[in-house]
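Analysis of the macromolecular model
Spelled out, the chains give:
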Amino acid sequence: MRPLHIVLAVLIAALWGVNFVVIDAGLDHFPPLLFCALRFLAAALPAVFFVGRPPVKWRWIIGVGLMLGVGKFGLLFIGMRAGMPAGLSSLVLQIQAVFTALFAMAALGERTSRARLAGMGVALAGIVVAAVDEGTSGSLLGFALVVAAAAFWGVSNVLTRKAAPPDALRFIVWVSCVPVLPLLLLSLLFEGPDADAEALGSLDWTGVGAVLFVAWVSTVLGFGAWGFLLRHYDASAVAPFTLLVPVFGMSSAALLLGEDVSVLRWSAAVLLVGGVALTSRAGRRPAAPAGTRPPAPPVAGNRPPADASASRTPSTASRPSRPA
């Protein structure tokens, strides 16, 4: 990669890591489901009027929108509101790579290897260590919700891979339209119209800034720049930069929010990031033994998309995926 593009990849990872701190700030102003709905509304509008619909079937746009927007981000925001620290959230979400690999094996018939299984085991050990650390000082409910969010992210990754959109930016803009109404309805049902009205009535520049950052900077700008890199380089060269996201997430949370980073938490980070890296790098199929038939070509729609790791993002079963 050219030095300037390496800087761009690191900058994107930094923005995605700091994004967790911004989410934490936004949750001080909005109920979590309302905040999530506003995030996707701002990401979709007005961009949806300027980019054409991606050439994929509606079922993939709707499916990814519900799994990613309502499932992943809805649970992430609720989990962080329940007490899950921003830095630890940025780390725990990386377990989505293991969920993605498992779901791809079940739904797409992808093969695995001993090295990938070993990577999954190391990553899961990191989750256990993180759970022990959080259980002694924080909210286990919030921790469980963020793990569930990572599982929904894994489902959305598999659906995105099946969709194989040729343009990441157009796809994410249209996907962002889907969760807005479901999230608003869930917010009215569970958070209450009074809480929503109070949050909107007391809106200030900090709240507006949080919404615009997670929508425009993290989602639209971040995804667009990531797609640019993946149009110029192999995903295997670009995707490893996502492993920097929890580094920036935990560091910025410690610096800006004063979150304590214990020895257990750093140990969990080493195990989880190392396991995700091994899971991702070991994702290639082994060569067929001499004298045997080569594996059948992939079914149409099951290959990694041309513009990102699973929708031109690091979100397929064979690569680390993108953060929140």
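Criteria and thresholds
Residues numbered from 1 in each chain as written. Predicted model: local features only at pLDDT ≥ 70, side-chain atom pairs only at ≥ 80, totals over all residues. Heavy atoms only, no water. Helix = DSSP H or I, 4+ residues; strand = E, 2+ residues; numbered from the N terminus. Buried < 20%, exposed > 50% of the residue type's maximum accessible area, 1.4 Å probe, protein only. Contact = heavy atoms within 4.5 Å. Areas by Shrake-Rupley, 256 points an atom, 1.4 Å probe, with all protein chains shown as cover. Phe/Tyr/Trp six-rings, centres within 6.5 Å; stacked < 30°, edge-to-face > 60°. Lys NZ or Arg CZ within 6 Å of the ring centre and 35° of its normal. Patch = residues over 30% accessible without salt bridge, like charges linked within 9 Å, V, L, I, M, F, W, Y side chains within 5 Å. Salt bridge = Lys/Arg side-chain N within 4 Å of Asp/Glu carboxyl O. Lys, Arg positive; Asp, Glu negative; His and termini not counted. Polar contact = N/O pair within 3.5 Å; in protein donor to acceptor, adjacent residues only side chain to side chain. Core = buried A, V, L, I, M, F, W, Y, C linked by side-chain atoms within 4.5 Å. Expected span 1.5 Å × (residues − 1). pLDDT = per-residue confidence, 0-100. Axes fitted to C-alpha atoms, helices over the stretch in contact; angles between N-to-C directions. Parallel < 35°, antiparallel > 145°, perpendicular 65-115°, else oblique. Left-handed = near helix turned anticlockwise from the far one by under 90°. Nonpolar A, V, L, I, M, F, W, Y, C, P; charged D, E, K, R; others polar.

This part takes up the overall build of the chain. Helices and strands together make up the secondary structure of the chain, namely 14 helices and zero strands. For the chain, the N- to C-terminal ordering of α and β elements is α-α-α-α-α-α-α-α-α-α-α-α-α-α. Looking at the 324 residues of the chain, the share that counts as buried comes to 53%. Sequence-distant contacts, at least 24 apart, represent 87% of the contacts inside the chain between residues at least 6 apart. In the structure as shown, the chain presents an accessible area of about 13600 Å², 70% of it carried by carbon and sulfur atoms.

The geometry of an aromatic ring pair is captured by the separation of the ring centres together with the interplanar angle, meaning the angle of the planes. The final tally for this structure, using the stated rule, is eight aromatic pairs. Ring geometry for Trp16 against Trp226: centres 5.3 Å apart, planes inclined by 50°, an arrangement best described as tilted. Of the two residues, Trp16 sits in helix α1 (residues 3-26) while Trp226 sits in helix α11 (residues 205-232), which places them 210 residues apart along the sequence. Since its relative accessible area comes to 1%, Trp226 is described here as buried. Consider the rings of Phe30 and Phe35, whose centres lie 5.5 Å apart with planes at 15°: the pair is stacked. The pair Phe30 / Phe35 is uniform in exposure class, with both members buried. Connected via pairs of aromatic rings, a cluster forms that spans Phe30, Phe35, Phe40, Phe73 and Phe77. Over the ring of Trp153 we find Lys72; its NZ or CZ atom is 3.7 Å from the centre of that ring.

Residues Leu41, Leu45, Phe49 and Phe50 make up a contiguous nonpolar surface patch of about 470 Å² in total accessible area. By secondary structure assignment, the location of Leu45 is in the loop between α2 (32-44) and α3 (58-81). Look at Leu45 and you get partly exposed, because its relative accessible area is 37%.

Inspection of the secondary structure puts Arg39 in helix α2. The buried charged residue Arg39 lacks any salt bridge, with Asp24 as its nearest oppositely charged partner at 14 Å. A polar contact is formed between the side chain of Arg39 and the side chain of Thr219, at a distance of 2.8 Å.

Here is a general trend for soluble globular proteins: nonpolar side chains tend to be buried in one another's company. Counting 83 residues, the largest nonpolar core has Ile23, Phe35, Leu76, Phe77, Leu91 and Leu93 as the members making the most contacts within it. Broken down by element, this core gets its largest block of residues, ten residues, from α11. When sequence neighbours within four positions are dropped, the list of residues in contact with Phe77 reads Ile23, Leu27, Pro32, Phe35, Cys36 and Arg39.

Take the environment of Gly249 next. For Gly249, the location among the structural elements is in helix α13 (residues 245-256). Along the sequence, Gly249 and Leu15 sit 234 residues apart, while their C-alpha atoms lie 8.9 Å from each other. Look past the residues within four positions of Gly249 in its chain and what remains in contact with it is Gly17, Gly87 and Ser90.

Given 3.6 residues per turn, any residue in an α-helix points the same way as the ones three and four places further on. End to end, α11 covers 37 Å across 28 residues, agreeing with the expected 40 Å (1.5 Å per residue, within 8%). Its side-chain oxygen 3.2 Å from the backbone nitrogen of Thr206, Asp204 forms the N-cap of α11.

With 85% of its residues at a pLDDT of 70 or more, the chain has an overall mean of 82. Taken as a whole, residues 284-322 scores under 50 in pLDDT and shows 105 contacts with residues more than four places along the chain or in a different chain.

This part is about the packing of α3 against helix α8 (residues 168-177). Running from N to C, α3 and α8 cross one another at 70°; their axes reach a closest spacing of 8 Å. As far as their axial angle goes, α8 and α3 are roughly perpendicular. Considering only the axes of α3 and α8, their crossing is right-handed. Between α3 and α8, the residues in contact are Trp58, Trp60, Ile61, Val64, Gly65 and Leu68 and Phe171, Ile172, Trp174 and Val175, respectively. Of the residues assigned to the contact of α3 with α8, the class counts are nine nonpolar, one polar and no charged.

Another point: the packing of α1 against α13. At a closest axis distance of 7 Å, the pairing of α1 and α13 adopts a crossing angle of 45°. Here α13 runs oblique to α1, going by the angle between their axes. For the pair α1 and α13, the sense of crossing is right-handed. Contacts between α1 and α13 involve Val10, Ala13, Ala14, Trp16, Gly17, Val18, Phe20 and Val21 from the former and Val245, Phe248, Gly249, Ser252, Ala253 and Leu256 from the latter. The residue makeup of the contact of α1 with α13, split by class, is eleven nonpolar, three polar and no charged.

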